[in-house]
Amino acid sequence: MEEGLIGPRIYSCCKCRNHIALHDDIVSKNFQARTGRAYLFTHAMNVVIGQKEDRQLMTGLHTVADVKCSDCGEVLGWKYERAYDESQKYKEGKFVFERFKIVKDNW
């Protein structure tokens, strides 16, 4: 585990600094959201998962759910619930956070 000065490196909500993911849980930094870059994480914490809906994304049709900060309600990204294309199945159960919606803490 990569450690900062006093613990693990963490990503937090840009609005309220609620911890939402660990740096060690990043799968990829090469994701794209409507607003710019995004990161794919295996796990998230202190978030609320919205209703599932089908969305046509750049990589095809997926069932996704918006992910909001549990403290302030800011929409931070989405969770992949289902991928219809076999090549996209690795995304299922993972979280995408838009880079401009998260900040680094403890770096």
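Along each chain, residue indices are assigned from 1 in the same order as the chain's sequence is written. Given that this is a predicted model, residues contribute local features only at a pLDDT of at least 70 and side-chain atom pairs are listed and counted only at 80 or more, while totals for whole chains, interfaces and linings are drawn from all residues. Just so you know, side-chain values use all the structure's heavy atoms and leave hydrogens and water out.

A. Region of the structure containing the layout of surface pockets. The volume enclosed by the largest pocket comes to roughly 390 Å³. As defined here, a cavity is a set of points on a 1 Å grid over the protein atoms alone where a 1.4 Å probe fits but cannot get out. A pocket is an open set with protein on both sides within 12 Å along at least five of seven lines, and residues line them when an atom is within 4 Å of a point. Lining the largest pocket are 17 residues, and of these Gln32, Ala33, Arg34, Leu57 and Trp78 sit closest to its centre. Only DSSP runs of H or I with at least four residues qualify as helices, and only runs of E with at least two residues qualify as strands; both kinds are numbered from the N terminus onward. Broken down by secondary-structure element, the contributors of at least two residues to the lining of the largest pocket are strand 3 (26-33), strand 5 (47-57) and strand 7 (75-83). Grid points are joined across faces, edges and corners, and a volume is the space filled by probe spheres set on the points.

B. Here's a closer look at the sheet that holds strand 8 (residues 95-98). A pair of strands is labelled paired if DSSP reports no fewer than 2 bridges between them. If you walk across this open sheet you meet the six strands as 3-4-8-7-6-5, and the pairing is antiparallel. The two strands at the open ends of the sheet, each matched to only one other strand, are strand 3 and strand 5. Averaged over all adjacent pairs, the angle separating strand axes in this sheet is 30°, with direction ignored. Examined bridge by bridge, strand 3 and strand 4 (residues 36-41) share five bridges and lie antiparallel to one another. Pairing of Ala33 across the sheet is with Gly36, part of strand 4. Helix axes are fitted only over the stretch in contact, all axes being lines through C-alpha atoms; the angle between N-to-C directions runs from 0 to 180 degrees.

C. Summary view of the sheet that holds strand 1 (residues 10-13). Spatial ordering of the open sheet is given by 2-1-9, a layout of three strands whose pairing is antiparallel. Edge positions in the sheet fall to strand 2 (19-22) and strand 9 (102-105), since each has one partner strand and no second. With direction set aside, neighbouring strand axes in the sheet form an average angle of 35°.

D. Quick peek at the environment of Ile102. Locating Ile102 in the fold gives a position in strand 9. Type-normalised accessible area, obtained with a 1.4 Å probe on protein chains alone, sets the label of each residue: buried when under 20%, exposed when over 50%, and partly exposed for intermediate values. Ile102 gets classed as buried once you look at its relative accessible area, which sits at 2%. Taking the C-alpha atoms as reference points, Ile102 and Lys15, 87 residues apart in sequence, are found 8.4 Å from one another. Contacts between residues were defined by any pair of non-hydrogen atoms, one from each residue, lying within 4.5 Å. Not counting residues within four places of it along the chain, the set of residues in contact with Ile102 comprises Tyr11, Ser12, Cys14, Ile20, Tyr39, Phe41 and Phe97.

By themselves, these figures tell us nothing about what the structure is for.
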